[in-house]
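# Remarks on the overall topology
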Amino acid sequence: MEAQPDISQKDLNRLRDFIFKETGIFYESKKDSYIVTRVRQRMVETGCDTFQKYFHNLLFESRDGELLSFIEELTVNETYFFRDFPQLQGFAEEVLPFYLKRKRISKDHTLKVWSAACSSGEEPYTLSIIFQEMIEDFELWDVRIDATDIDRRVLRQARLGLYGERAMKDTPIPYRAKYFQKTPDGWKVLPGVTKYVSFEQLNLVDRSAMRRRRGYDFIFCRNVLIYFNDSSRKRVVSALYDALLPGGYIFLGHSESVGRITAAFILERMGNFLCYRKPC
Ligand SMILES: C[S@@+](CC[C@H](N)C(=O)[O-])C[C@H]1O[C@@H](n2cnc3c(N)ncnc32)[C@H](O)[C@@H]1O
């Protein structure tokens, strides 16, 4: 059996601080073994025999180098089509018609949506399907769905648009035939869905990248802020607020809330769910 490289508690603390600074993801000390397993894996893959050498790489290699590979090892990318169906139903049946009515009155037929932390693409593709199903004059609208994630690996999967049964488990049967093609390798999302979605790598705590995002009607930032702490959540939520149009909505995961972080949004009840609207 090969000896495992030594990683002291001091090393781990430095590493945890570094991960937090770079990604906003906050690991409590009970997650130490999770981090250690992943560092050891990266040390083997990069041929570093000491933690110090590996940490030096992390700090000083190009931003696109080891840092991103290490982050890819750490992130939790769990997702599937129509995740949190009741929330999406509330969005589709209550928020969307109300919102589009207002846009029609002002003769604005653009719809700009952001799936921030989109993982392998199931969320933005779900939104594309929802818009096609729910907007009766869909062809009159200029719809654009921007989908971003820190993890390049999942973005490659997202662009491929090919999924296994697990990703499809909550997809209504009629939509399977209408928006996907069953292939021997899995379910392929049809071009009629993918053409509204564009993927880009983006770190939610990168201030300058976040400043460039503006003018969104809806932002979905679901199931990522749970990995952050209050200070990184605050920073991200404030940047998302700035990215929204006045009157625009932000949707979070069902265990996430911005109530504790900011009073800037108007809280609205949507069926069993709460959603947050930027004041007009
Ligand atoms: C659990 S998935 C959520 C996917 C989808 N939003 C959903 O709810 O099904 C969380 C995603 O957040 C991404 N993530 C974590 N930290 C991030 C950061 N600082 N910037 C951008 N994306 C991040 C991860 O790479 C992962 O793909």
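Just so it is clear, the model here is predicted, and its values are computed rather than measured.

## Things to note about the pairing of strand 10 (residues 273-277)
When strand 8 (residues 244-252) meets strand 10, the two strands line up antiparallel, connected through 2 bridges. Bridge pairing in strand 10 places Ile250 opposite Tyr276. Where strand 9 (residues 266-270) lies against strand 10, 5 bridges are found, and the strand directions are antiparallel. Residue pairing for strand 10: Ile266 is matched across the bridge by Arg277. The hairpin turn running from strand 9 into strand 10, its antiparallel successor, is 2 residues long, and Gly271 in that turn takes a positive phi close to 60 degrees.

## Quick notes on the nonpolar core
With 53 residues, the main nonpolar core has Ala116, Ile219, Cys221, Leu240 and Ile250 as its most contacted residues. Filtering out sequence-adjacent residues up to four positions away, Cys221 remains in contact with Ala116, Ala117, Leu240, Ile250 and Leu252. By size, the runner-up hydrophobic cluster in this structure holds 11 residues, among which are Ile7, Phe51, Leu58 and Phe70.

## Structural notes on the site of the ligand
Residues in close proximity to the ligand total 24 residues, the closest being Thr75, Thr79, Ala117, Ser119 and Ile150. For the shell around the ligand, the class distribution of residues is 9 nonpolar, 9 polar and 6 charged. A domain-level breakdown of the shell around the ligand finds at least three residues from each of domain 1 (9-74) and domain 2 (85-277).

## Brief notes about unusual backbone geometry
With a phi close to 60 degrees, Asp84 is a non-glycine residue in the positive phi region. Its place among the elements puts Asp84 in the loop between helix 4 (66-74) and helix 5 (85-105). Residues other than glycine seldom take positive phi values, yet Asn223 does so here, at roughly 60 degrees. Structurally, Asn223 can be placed in the loop between strand 7 (216-221) and helix 11 (230-243).

## Some details on helix 3 (residues 51-60)
Every buried residue belonging to helix 3 is among Phe51, Tyr54 and Leu58, and all of these are buried. Here the buried residues of helix 3 occupy an arc of 65 degrees about the axis, which is enough to place them on one side. Opposite its buried face, helix 3 presents the exposed residues Leu59 and Phe60, each directed more than 90 degrees away. In this fold, the buried residues of helix 3 make contact with helix 1 (9-23), helix 2 (32-46) and helix 4.

## Structural notes on helix 1
With 15 residues, helix 1 ought to run about 21 Å at 1.5 Å a step, and its terminal C-alpha atoms sit 21 Å apart, in line with that. A positive backbone phi angle near 85 degrees is found at Gly24, which sits one or two residues after helix 1.

## Some details on the environment of Leu15
Position of Leu15 among the secondary structure elements: in helix 1. Sequence spacing of Leu15 and Phe55 is 40 residues, and the spatial spacing of their C-alpha atoms is 7.8 Å. If sequence neighbours within four positions are ignored, Leu15 has contacts with Ile35, Val39 and Phe55.

## Some points on the sheet that holds strand 8
In any sheet, the strands associate via hydrogen bonds between backbone groups, in a parallel or an antiparallel arrangement. Spatial strand order, 6-2-1-7-8-10-9: 7 strands in an open sheet with mixed pairing. Strands at the two margins of the open sheet, each flanked by one partner only, are strand 6 (197-201) and strand 9. Shown here is a sheet whose adjacent strand axes are inclined to one another by a mean of 25 degrees, direction ignored. Running at roughly 40 degrees to strand 10, helix 5 makes contact with strand 7, strand 8, strand 9 and strand 10 of the sheet.

## Some points on the domain arrangement of the chain
For the chain, the assigned domains read domain 1 (9-74) and domain 2 (85-277). Here the C-alpha centre of domain 2 lies 30 Å away from the C-alpha centre of domain 1. Counting residues at the interface gives 7 residues for domain 1, matched by 12 residues for domain 2. When residues in the side of domain 1 that touches domain 2 are grouped by element, the largest group, 3 residues, is from helix 4. When the residues that make up the side of domain 1 that touches domain 2 are grouped by side-chain class, the tally is 4 nonpolar, 2 polar and 1 charged.

How each quantity is defined
- Residues numbered from 1 in each chain as written.
- Predicted model: local features only at pLDDT ≥ 70, side-chain atom pairs only at ≥ 80, totals over all residues.
- Pairing = 2+ DSSP bridges.
- Helix = DSSP H or I, 4+ residues; strand = E, 2+ residues; numbered from the N terminus.
- Core = buried A, V, L, I, M, F, W, Y, C linked by C-beta atoms within 7 Å.
- Buried ≥ 20, exposed ≤ 12 C-beta atoms within 10 Å, placed from the backbone.
- Contact = placed C-beta atoms within 7 Å.
- Near = placed C-beta within 6 Å.
- Nonpolar A, V, L, I, M, F, W, Y, C, P; charged D, E, K, R; others polar.
- Domains from an automatic or database assignment.
- Arc of directions from axis to C-beta.
- Expected span 1.5 Å × (residues − 1).
- Axes fitted to C-alpha atoms, helices over the stretch in contact; angles between N-to-C directions.

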